Amino acid sequence: LGQIFLQMEPAVFAKDLFFVYGSQDQFSLFSKLGAWAYRHLGLEGSQFAILFAGHLSLLGAAALLLRPIADPRIRVLGLVSLAVMPHYYGGNGVFSFAENFVTARTVSEPLGVLALALLIHRRPLPAAVAALLAALAHPLMALPVLVVGWAYLVMCDRRWAWTSLPLGLIVLGLAIGGVEPFSALTQRYDPEWLEVVVRSNAFVFPLQWPVTSWALALGSPLFLW
């Protein structure tokens, strides 16, 4: 919401400490969409519309992803599992999918699932477009979609495995060249600052996760297995 306000009133919010040195908003188009919705629908209307559309789209994309399964009962159970299983993942219960408040993840998640569904249905160009739109909303949410999509392509045709080398060299070159956001891959924290970051953002460091977070992270794969 603060990032949407920054889009609407940059002169007022640009000096806020949260934005002075940049934020993840610079890598996302979501706040521009949110600002447009806020102007036309108001705060309550825009929040409800984006949230409702995001949740409905996620279920629709999941249904498309499950369509190759022949047994309709299994497809229904898949959607039920998506709805009723714990949505939390990662450390300290900070993140969950299909959250009950609006973020860029609300838009990126259904687009990412749609990209995988289209890829399985042998529609690579629309899948690439959906993945690109997911990345424009939230690059970090789109990253695992790209990895899973690449793994699926390798399973279908081993020659796709060779693409990992040039892609890796491109990312490394962008990092060394100082191109954002890849330049962050070469940055390091000094010990004092790292201690502050670990204490404030323990969810980023898996070794700092409590047992309950690991239980949530491993629970879904074990259930599906």
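Q: Can you break down the confidence of the model for the protein chain residue by residue, with the values?
A: The share of residues in the protein chain with pLDDT of 70 or more is 100%, and the mean pLDDT across the chain is 90. Ranking the helices and strands of the protein chain by mean pLDDT puts helix H6 (residues 104–120) first, with 96, and strand S1 (residues 88–89) last, with 80.

Q: Account for the packing of H6 against helix H7 (residues 124–137), naming residues and giving values.
A: At their nearest, the axes of H6 and H7 sit 8 Å apart, and the two run at 165° to each other. On the basis of the axis angle, H6 is roughly antiparallel to H7. Here H6 runs over H7; the crossing is left-handed. On the side of H6, the interface is formed by Ala104, Val107, Ser108, Leu111, Gly112, Leu114, Ala115, Leu118 and Leu119, while H7 contributes Pro126, Ala127, Ala130, Ala131, Leu133, Ala134 and Ala137. The residue inventory of the contact of H6 with H7, partitioned by class, reads 14 nonpolar, two polar and no charged.

Q: Just give me the short version of the pattern of salt bridges, but keep the residues and values in it.
A: Scanning the entire structure with this criterion turns up four salt bridges. Between Arg159 and Asp157 there is a salt bridge; the shortest N-O distance is 2.8 Å. The class of Arg159 is exposed, set by a relative accessible area of 64%. Classification of Asp157 by relative accessible area gives partly exposed; the value is 25%.

Q: Outline empty space enclosed by the protein, supporting the account with residue identities and numerical values.
A: Tallied over the entire structure, the rule returns one cavity of 30 Å³ or more. Its boundaries defined by the atoms lining it, the largest cavity holds a volume of some 30 Å³. Together, Gly54, His55, Leu58, Ala98, Glu99, Thr106, Glu109 and Pro110 line the largest cavity. For the lining of the largest cavity, the residue count by class is three nonpolar, three polar and two charged.

Q: Describe in detail the side chain of Thr106, supporting the description with residues and values.
A: Inspection of the secondary structure puts Thr106 in helix H6. Classification of Thr106 by relative accessible area gives buried; the value is 5%.

Q: An account of the nonpolar core is needed here, citing residue identities and associated values.
A: Listed in full, the ten residues of the largest apolar core are Leu64, Ala115, Leu116, Ala117, Leu118, Leu119, Ala127, Ala130, Ala131 and Val145. The dominant element in this core, judged by the number of residues it contributes, is H6, at five residues. Ignoring any residue separated from it by four or fewer positions in sequence, one finds Leu118 in contact with Leu64, Arg123, Pro126, Ala127 and Ala130. Counting six residues, the second-largest nonpolar core is a separate cluster that includes Phe30, Ala37, Leu51 and Ala104.

Q: Help me get a handle on the packing of helix H4 (residues 30–66) against helix H5 (residues 72–84), residues and values and all.
A: Viewed as axis vectors pointing N to C, H4 and H5 meet at an angle of 145°, and their least axial separation amounts to 10 Å. For the pair H4 and H5, the sense of crossing is right-handed. Facing H4, whose interface residues are Leu59, Ala62, Ala63 and Leu66, H5 presents Arg75, Gly78, Leu79 and Leu82. Here the contact of H4 with H5 is composed, by residue class, of six nonpolar, one polar and one charged.

Q: Summarise the side chain of Ser108; cite the residues concerned and give the values.
A: When you line up the elements, Ser108 lands in helix H6. In this structure the side chain of Ser108 is engaged in a polar contact, spanning 3.0 Å, whose partner is the backbone oxygen of Ala134. If we ignore the near neighbours within four places in the chain, the residues touching Ser108 are Ala134, Ala137, His138, Met141 and Ala142.

Q: Just give me the short version of the layout of surface pockets, but keep the residues and values in it.
A: In this structure, the second largest pocket encloses a volume near 1,000 Å³. Surrounding the second largest pocket, 30 residues form its lining, Leu82, Phe97, Val113, Ser220 and Leu224 being those nearest its centre. For the lining of the second largest pocket, the secondary structure elements donating two or more residues are H4, H5, S1, H6, helix H8 (139–156) and helix H11 (211–224). At six residues, H11 tops the list of elements feeding residues into the lining of the second largest pocket. When the residues that make up the lining of the second largest pocket are grouped by side-chain class, the tally is 23 nonpolar, six polar and one charged.

Cut-offs used in this document
Residues numbered from 1 in each chain as written. Predicted model: local features only at pLDDT ≥ 70, side-chain atom pairs only at ≥ 80, totals over all residues. Heavy atoms only, no water. pLDDT = per-residue confidence, 0-100. Helix = DSSP H or I, 4+ residues; strand = E, 2+ residues; numbered from the N terminus. Axes fitted to C-alpha atoms, helices over the stretch in contact; angles between N-to-C directions. Parallel < 35°, antiparallel > 145°, perpendicular 65-115°, else oblique. Left-handed = near helix turned anticlockwise from the far one by under 90°. Contact = heavy atoms within 4.5 Å. Nonpolar A, V, L, I, M, F, W, Y, C, P; charged D, E, K, R; others polar. Salt bridge = Lys/Arg side-chain N within 4 Å of Asp/Glu carboxyl O. Buried < 20%, exposed > 50% of the residue type's maximum accessible area, 1.4 Å probe, protein only. 1 Å grid on protein atoms, 1.4 Å probe; cavity = no way out; pocket = protein on both sides within 12 Å on 5 of 7 lines; lining within 4 Å. Points joined across faces, edges and corners; volume = space filled by probe spheres on them. Core = buried A, V, L, I, M, F, W, Y, C linked by side-chain atoms within 4.5 Å. Polar contact = N/O pair within 3.5 Å; in protein donor to acceptor, adjacent residues only side chain to side chain.

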